[in-house]
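So the chains spell out like this:
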Amino acid sequence: MIKRKEQIIRLDTLNTTLVIKADTAEYLYYGKRLANGFDFGAYAGGGKKLFSAPGKDDYTEYSVLLENSDGGFAADFSFSKLRILPEKPEIPGLPSSYGEGKTLELKYTDTTRVALFLYYTVFDDSDVIAVSARLFNGAKKDIHIRRLMSLQMDLPGADYSVVTFEGAWANERNKVSREVGSGIFVSDSKRGMSSHARNPFIMAEDRRGVYAFNLVYSGNHKETVEADCSGKTRVLTGINDFMFDWLLPVGETFCTPEAVMCFAPDEDTISNRFHYFVSEHIVRGKWKKKERPVLVNNWEGTYFDFNEEKLLAIAEAAKRTGVELFVLDDGWFGRRDSDTCSLGDWYDNLEKTGGGLASLADKIRALGLSFGIWVEPEMISEDSDLYRAHPNFAMKIPGRTPTRLRHQLMLNMTDERVQNYVVRVISDVISRSGAEYVKWDFNRSMTDCYGKGIFPGEYFHRYMLGYYRVVSKIVKKFPFVLFEGCAGGGGRFDLGNMCYFSQYWTSDDTDARMRIAIQAGSSYGYPQTVMGAHVSACPNHQTANTNSLEARFNVACGGLLGYELDMTKFTPEEIQEVSEQIAFYKENRKLLQFGDQYRIDEKYVKGFITVSKDKSMAIAVLNQTVAFPSMPLVTVRLKGLSETSVYDVTRRDGKGGFTAGGDLLMNGDLPLCDLFDYDTVSKNSGGLCSRMYILKKRKN
Ligand code: GLA
């Protein structure tokens, strides 16, 4: 809801209020929802600004930096007008959130007649506010945008800890918390992707609560947190200004990606609010609310070494356990027997697919499974027919040796001919195989940015515009296909991509132990509905850890369950165990995929509990990650249950079982005497003990 009284605008979400004073471009308040009223006069003048530019006696990191038509960097934006729009305007060329929501549009004009527009959208059903900026060049000469952040939020106080989600390939989104102190904290990506290293989701926390921010963008991003000497803290988020220099001709507009923000009293509530927002206002299309299939992917089972017989054998074994979708990963096209060649040659390798994708897909379907296919559309191998025919399609700087990563180059997606080519060939792969699922991969960072006729400072962002044009066209063409994004695991795990891909491969690390942390880190800003999670073979291929099938299954239930191993190698006992697990999963899939998930994060017990919307049922996975002699008693507090209900609690294996009130389960410290058992540990060198509990509300 947006209400206005003169220059003061109240933006109320279900549980928060943001108050803006338009003429002075100030934030008067952001926090817990306030009762109605407009008595904010005494709160003006605190200097918490909606935007900042040099030249106005503000020396904290700026949200706007222009090289102006008058030759200077200073800008003097003053208030021009405001409108309350009945709907959120689209951001041309960029993905953004959607849904019913009113939008506040504010316009500020510089003396040169360059205009800055700010947009704040509140959705009727969510606590997340979407913010973006636009710059219109109404001056007499062209200008250069050196920086235009999507959102500036000036927070009261200068004692924040900033929480980021960091890592590397196969070790993404580990939670890191730091005091900001008196310096400037920057989290960013310069890799042409949102990156494994630093996710755009960040939180700023102090005694007031938690402010969380994310960006609906998949390219270079930058989050800056600076505590200034006047006792406030400025958060900026937007496109990274690294190598960014956008020429804005007279009469044209530049639009930033959308930033999203939320306030909540604690981290669990922030996650809850973001889970809802992502599920309702980011993920879209046919698969938004649809239960996702249990899949088997052949990558870790075969890598490049497969033929039709092997694939069908895996599919058959998978079908026997209850798997619903077979995904053919890398290696099915061109002469692709290793990662050194063939990217770009999206035609069937007949030897490996036994007569092509169409016939293979038919045989898979005849077994009763759907068919899915892997592609990596933005890449090109130098050893490929595509490169031999169109070397100029590759991203490289004339006269320089390009940097090869995983032996491959990238396509120059700023070029419309390349974009159209990708749309055509990838559409053809989907059409001829009739694929019901597509995994869209992206396996390297960007280095040799160059496109003929493209101003270098515009390259990174123009790449993203080209990429979004291509992916949106393909997704629109195939509305019934389930698209899963991937970037060497979770290298582009961001809200921009989630506008197109209903799910995302969380990490190339499939070890249950590592996954506990990776999935927990991911869950701060993203719901389980977008997180691919697979059971793989042991010893695990990334870490050499061994964990029980039970532990691997339990951990994967924290995301979208899949298998990534050669299922023909299962013993009859394992087939039996896996079949029971999949049957259980399917029975409880709606709850596990779409229920409210909370992290369990005790000293020795990590996991999650997923609670049905009406709180009548919950599934908890509790993992004890360490054990040592004379260990203190391991206890746990559950979350998300109804305080006033009584629950019957049983272990999935049928052992144990007790009854307790929801309030006790959440506030008492439940001793887990049965969790760690040395038998399991000695059999499994990884030493992870995992139990699944089912909680059912007692009928009165
Ligand atoms: C990336 C993906 C993997 C797999 C391989 C194939 O690493 O993250 O899941 O698809 O590429 O080359």
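Rules used in this analysis
- Residues numbered from 1 in each chain as written.
- Predicted model: local features only at pLDDT ≥ 70, side-chain atom pairs only at ≥ 80, totals over all residues.
- Heavy atoms only, no water.
- Helix = DSSP H or I, 4+ residues; strand = E, 2+ residues; numbered from the N terminus.
- Rg over C-alpha atoms; globule rule 2.2 N^0.38 Å.
- Buried < 20%, exposed > 50% of the residue type's maximum accessible area, 1.4 Å probe, protein only.
- Lys, Arg positive; Asp, Glu negative; His and termini not counted.
- Charge placed at Lys NZ, Arg CZ, Asp CG, Glu CD.
- 1 Å grid on protein atoms, 1.4 Å probe; cavity = no way out; pocket = protein on both sides within 12 Å on 5 of 7 lines; lining within 4 Å.
- Points joined across faces, edges and corners; volume = space filled by probe spheres on them.
- Nonpolar A, V, L, I, M, F, W, Y, C, P; charged D, E, K, R; others polar.
- Pairing = 2+ DSSP bridges.
- Axes fitted to C-alpha atoms, helices over the stretch in contact; angles between N-to-C directions.
- Contact = heavy atoms within 4.5 Å.
- Salt bridge = Lys/Arg side-chain N within 4 Å of Asp/Glu carboxyl O.
- Near = heavy atom within 4 Å.
- Polar contact = N/O pair within 3.5 Å; in protein donor to acceptor, adjacent residues only side chain to side chain.
- Areas by Shrake-Rupley, 256 points an atom, 1.4 Å probe, with all protein chains shown as cover.
- Right-handed = clockwise from strand over helix to strand, strands pointing away.

Tallying secondary structure elements over the chain gives 15 helices and 38 strands in all. A compact globule built from 700 residues would reach a C-alpha radius of gyration of about 27 Å, and the chain, at 26 Å, matches this within 12%. Across the 700 residues in the chain, those meeting the buried criterion constitute 63%. Here the chain carries 87 positive and 91 negative side-chain charges, and the mean point of each set is 3 Å from the other.

Considering only enclosed or pocket space, the largest pocket measures out at about 760 Å³ in volume. Arg284, Ser472, Lys476, Cys499 and Tyr500 are the residues nearest the centre of the largest pocket, which is lined by 29 residues in total. In this structure, the second largest pocket spans a volume of roughly 560 Å³. Gln593, Phe594, Gly595, Asp596 and Lys613 are, among the 31 residues lining the second largest pocket, the residues nearest its centre. Elements represented by at least two residues in the lining of the second largest pocket include exactly helix H1 (267-282), helix H13 (589-594) and strand S31 (596-601). When residues of the lining of the second largest pocket are assigned to their parent elements, the largest contribution, six residues, is made by H1. Considered class by class, the residues forming the lining of the second largest pocket number six nonpolar, 12 polar and 13 charged.

Another aspect to go through is empty space enclosed by the protein. Counted by the stated rule, this structure contains seven cavities of 30 Å³ or more. One number sums up the size of the largest cavity: a volume of about 130 Å³. As for the largest cavity, its lining consists of Arg515, Ile516, Gln519, Ala520, Ser523, Val555, Gly558, Gln597, Arg599, Gly607, Phe608 and Asn623. Breaking the lining of the largest cavity down by element, the ones donating at least two residues are helix H10 (512-522), S31 and strand S32 (605-611). Counting residues per element, the lining of the largest cavity draws most heavily on H10, which supplies four residues. A breakdown of the residues in the lining of the largest cavity according to their chemical character gives four nonpolar, six polar and two charged. Taken as a whole, the second largest cavity encloses approximately 80 Å³ of empty space. Leu50, Leu118, Met149, Ser150 and Gln152 are, among the 14 residues lining the second largest cavity, the residues nearest its centre. Those elements giving two or more residues to the lining of the second largest cavity turn out to be strand S8 (114-123), strand S9 (129-137) and strand S10 (143-156).

A word on the sheet that holds strand S23 (residues 370-375). Taken in spatial order, the eight strands of this closed barrel run S21-S22-S23-S26-S27-S28-S29-S30, and their pairing is parallel. Sheet twist, expressed as the average angle between the axes of neighbouring strands with direction ignored, equals 30°. As paired strands, strand S21 (residues 295-297) and strand S22 (residues 325-328) are joined by three bridges and run parallel to one another. Following the sheet pairing, Asn297 is matched in S22 by Val327. Sitting on the sheet, helix H5 (residues 357-366) touches S22 and S23, and the angle it makes with S23 is about 140°. Helix H11 (residues 549-556) rests against strand S29 (531-536) and strand S30 (560-564) of the sheet, and its axis sits at about 170° to S29.

Overall, the coordinates contain 50 salt bridges when judged by the stated rule. One salt bridge connects Arg652 with Glu550, and the closest N-O pair in it is separated by 2.9 Å. With Arg652 in the loop between strand S35 (646-651) and strand S36 (658-661) and Glu550 in helix H11, this pair connects stretches of sequence that are 102 residues apart. Residue Arg652 is classed as partly exposed on the basis of its relative accessible area, which comes to 22%. Its relative accessible area of 18% is what places Glu550 among the buried residues.

What follows covers the site of the ligand. The environment of the ligand is formed by 13 residues, the closest being Asp329, Asp330, Arg406, Lys439 and Asp508. Interatomic distance of 2.9 Å between a backbone N/O atom of Gly489 and an oxygen atom of the ligand. Coverage of the ligand by the protein amounts to 96% of the 310 Å² it exposes when considered alone.

Most of S29 sits out of view: six of its six residues are buried. In S29, alternate side chains face the same way, and those of Met531, Ala533 and Val535 on one face and Gly532, His534 and Ser536 on the other are all buried. Taking the sense of rotation as the criterion, the β-α-β connection linking strand S28 (residues 503-505), H10 and S29 turns out right-handed. Read from S29 through H11 to S30, the crossover connection turns out right-handed.

Overall, antiparallel pairing links the four strands, which are arranged S1-S2-S3-S4 in an open sheet. Looking along the sheet, the strands with just one partner apiece sit at the ends: strand S1 (2-5) and strand S4 (26-32). When the angles between neighbouring strand axes are averaged without regard to direction, this sheet yields 15°. Where strand S2 (residues 8-12) meets strand S3 (residues 16-21), five bridges bridge the pair, whose relative direction is antiparallel. When the sheet's bridge partners are listed, Arg10 is paired in S3 with Val19.

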